[in-house]
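Listed below are the residues making up each chain.
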Amino acid sequence: MKILLTLSYLGTDFCGYQIQPKGRTVQGELNAAAKALFGFDCDVTGCSRTDTGVHANTFCATVTKKGEGCIETNVDISRIPLAFNAHLPQDIAVKDARIVGDDFHPRYDVKYKEYVYRIYNSPTRSPMESGRAWHIPYALDSEALDKMNRAAASFVGKHDFSAFMASGSTVESTVRDVKYARVEKQGDVITFTVAADGFLYNMVRIMTGTLVDVARGKISSDAIPEIIESCDRKRAGITAPAEGLYLNKVVY
């Protein structure tokens, strides 16, 4: 059997999810916690490779015994979240655990993932939002939000998103199917929510930066289809900082 964990983490002090020779990572902490809990080395495979400073409200990962593709344990599945959390730091928490089939893959079996990007829109900074949202001090009014939403609607559908991928990235295909994309504001917080069957490197951050450039009048809200068609990264907007990005939902 495989164990599928659902967890959340604050990415501020992590060098991303994937384990590295140097630097603290989410996978590294999960590996250590799994070994402490089960008493043997484990393979922990995540649903995504979030970058340095990126957070997750929902993240999924499977746990198996290292090199064996399955795991045998006497620990009751209902007790695994609490047991894991006893060995994890405060910026990671396992919320749920369940048994899945040996052929289940946490990344390749995903139907779609939802990301949320948070913007703190206020003249003054907030220490409570530091590292958790992109602080934009100039006002983004209702007209600006309407422009952002019109632009966001053009992301929806199956397109080649090369223009919204960080330069130097190498993938087999740059075509992605965006399910929905919307911009909302509540109080001082603006959220950009987008779901797709997959995302390119920095895709959501470039989308967000482009929407902010639309709001500021640097890019027309009607220009998104042309930018997508161009496959030219230089035509899209800036790359928003990592601190406002959250993996929010994973649907299998």
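Please refer to the structure higher up on the page.
Since this is a predicted model, take the numbers as computed values, not measurements.

Rules used throughout
- Residues numbered from 1 in each chain as written.
- Predicted model: local features only at pLDDT ≥ 70, side-chain atom pairs only at ≥ 80, totals over all residues.
- Heavy atoms only, no water.
- Axes fitted to C-alpha atoms, helices over the stretch in contact; angles between N-to-C directions.
- Helix = DSSP H or I, 4+ residues; strand = E, 2+ residues; numbered from the N terminus.
- Parallel < 35°, antiparallel > 145°, perpendicular 65-115°, else oblique.
- Left-handed = near helix turned anticlockwise from the far one by under 90°.
- Contact = heavy atoms within 4.5 Å.
- Nonpolar A, V, L, I, M, F, W, Y, C, P; charged D, E, K, R; others polar.
- Phe/Tyr/Trp six-rings, centres within 6.5 Å; stacked < 30°, edge-to-face > 60°.
- Buried < 20%, exposed > 50% of the residue type's maximum accessible area, 1.4 Å probe, protein only.
- Lys NZ or Arg CZ within 6 Å of the ring centre and 35° of its normal.
- Core = buried A, V, L, I, M, F, W, Y, C linked by side-chain atoms within 4.5 Å.
- Salt bridge = Lys/Arg side-chain N within 4 Å of Asp/Glu carboxyl O.
- Patch = residues over 30% accessible without salt bridge, like charges linked within 9 Å, V, L, I, M, F, W, Y side chains within 5 Å.
- Areas by Shrake-Rupley, 256 points an atom, 1.4 Å probe, with all protein chains shown as cover.
- Lys, Arg positive; Asp, Glu negative; His and termini not counted.
- Charge placed at Lys NZ, Arg CZ, Asp CG, Glu CD.
- Expected span 1.5 Å × (residues − 1).
- Polar contact = N/O pair within 3.5 Å; in protein donor to acceptor, adjacent residues only side chain to side chain.

Student: Teacher, can you tell me more about the packing of helix H3 (residues 142-153) against helix H4 (residues 203-215) here?
Tutor: Packed helices, taken two at a time, are described by their axes: the angle between them and the distance between them. Put simply, H3 and H4 touch, their axes get as near as 8 Å, and they point 135 degrees apart. Taken together, H3 and H4 sit at an angle that is classed as oblique. In this structure, H3 crosses over H4, and the sense of that crossing is right-handed. Across the interface between the two elements, Ala144, Lys147, Met148, Ala151 and Ala152 of H3 pack against Leu211, Val212, Val214 and Ala215 of H4. Of the residues that constitute the contact of H3 with H4, the class distribution is eight nonpolar, no polar and one charged.

Student: For this particular structure, what's the right way to read the packing of aromatic side chains?
Tutor: Counting across every chain of the model gives twelve aromatic pairs. Arranged with centres 5.0 Å apart and planes meeting at 80 degrees, the rings of Tyr115 and Phe199 form a pair that is edge-to-face. One end of the pair, Tyr115, is in strand E5 (residues 112-121); the other, Phe199, is in the loop between strand E9 (189-196) and H4, and 84 residues separate them in sequence. Overall, Tyr115 belongs to the buried group, its relative accessible area being 8%. Residue classification places Phe199 among the buried positions, given a relative accessible area of 18%. Here the aromatic cluster, defined as three or more aromatic residues joined through ring pairs, consists of Tyr9, Phe14, Tyr17 and Phe59. Here Lys65 stacks its cationic end above the ring of Phe40, 4.9 Å away from the centre of that ring.

Student: Sorry if this is basic, but what is going on with the environment of Phe59 here?
Tutor: Following the sequence through the fold, Phe59 ends up in strand E3 (residues 55-65). Judged by its relative accessible area of 0%, Phe59 falls in the buried class. Once you skip the residues sitting within four places of it in the chain, Phe59 turns out to touch Leu5, Thr6, Leu7, Tyr9, Tyr17, Gly46, Cys47, Ser48, Thr50 and Leu247.

Student: Even after reading the chapter, I still don't get the nonpolar core, so can you show me in this structure?
Tutor: For soluble globular proteins, nonpolar side chains are generally found buried alongside one another. Judged by nonpolar contacts, the single largest core of 78 residues is most densely connected at Leu7, Phe38, Val63, Phe84, Phe155, Phe164 and Phe192. When residues in this core are grouped by element, the largest group, eight residues, is from H4.

Student: Even after reading the chapter, I still don't get the pattern of salt bridges, so can you show me in this structure?
Tutor: Opposite charge on two side chains lets them pair, provided their charged atoms get close. A full pass over the atoms with the stated rule returns ten salt bridges. Where Asp41 meets Lys35, a salt bridge forms, and the shortest distance between an N and an O atom there is 3.3 Å. Residue Asp41 is classed as partly exposed on the basis of its relative accessible area of 40%. Residue Glu114 pairs with Lys249 through a salt bridge whose shortest N-O separation is 3.9 Å. Placement of Glu114 in strand E5 and of Lys249 in strand E10 (residues 245-251) is noted, with a sequence separation of 135 residues between them. Taking relative accessible area as the criterion, Glu114 reaches 5% and is therefore assigned buried. A residue is classified by how much of its surface remains accessible, and Lys249, at 36% relative accessible area, is partly exposed. The network of salt bridges with common partners includes Arg24, Glu29 and Asp91.

Student: Explain a negative patch on the surface to me, please; I cannot follow it from the model alone.
Tutor: A surface patch of like charges, here negative, comprises Glu72, Asp102, Asp103 and Asp109. By secondary structure assignment, the location of Asp109 is in the loop between strand E4 (92-100) and E5.

Student: How should H3 be read in this particular structure?
Tutor: Note: α-helices contain 3.6 residues per turn, so residues at a spacing of three or four share the same orientation. Taking 1.5 Å of rise per residue, the twelve residues of H3 would be expected to cover 16 Å, and the 16 Å separating its terminal C-alpha atoms lies within 8% of that figure. The inward-facing, buried residues of H3 abut strand E8 (175-186), E9, H4 and helix H5 (224-230). With a side-chain oxygen positioned 3.2 Å from the backbone nitrogen of Glu143, the residue opening H3 is Asp141.

Student: I would appreciate a short explanation of H4 in the present structure.
Tutor: Taking 1.5 Å per residue as the helical rise, H4 with its 13 residues ought to reach 18 Å, and the 18 Å between its terminal C-alpha atoms agrees with that figure. Within H4, 13 of the 13 residues are buried, which leaves it mostly tucked inside the rest of the structure. One or two steps after H4, the chain reaches Gly217, where phi turns positive at roughly 85 degrees.

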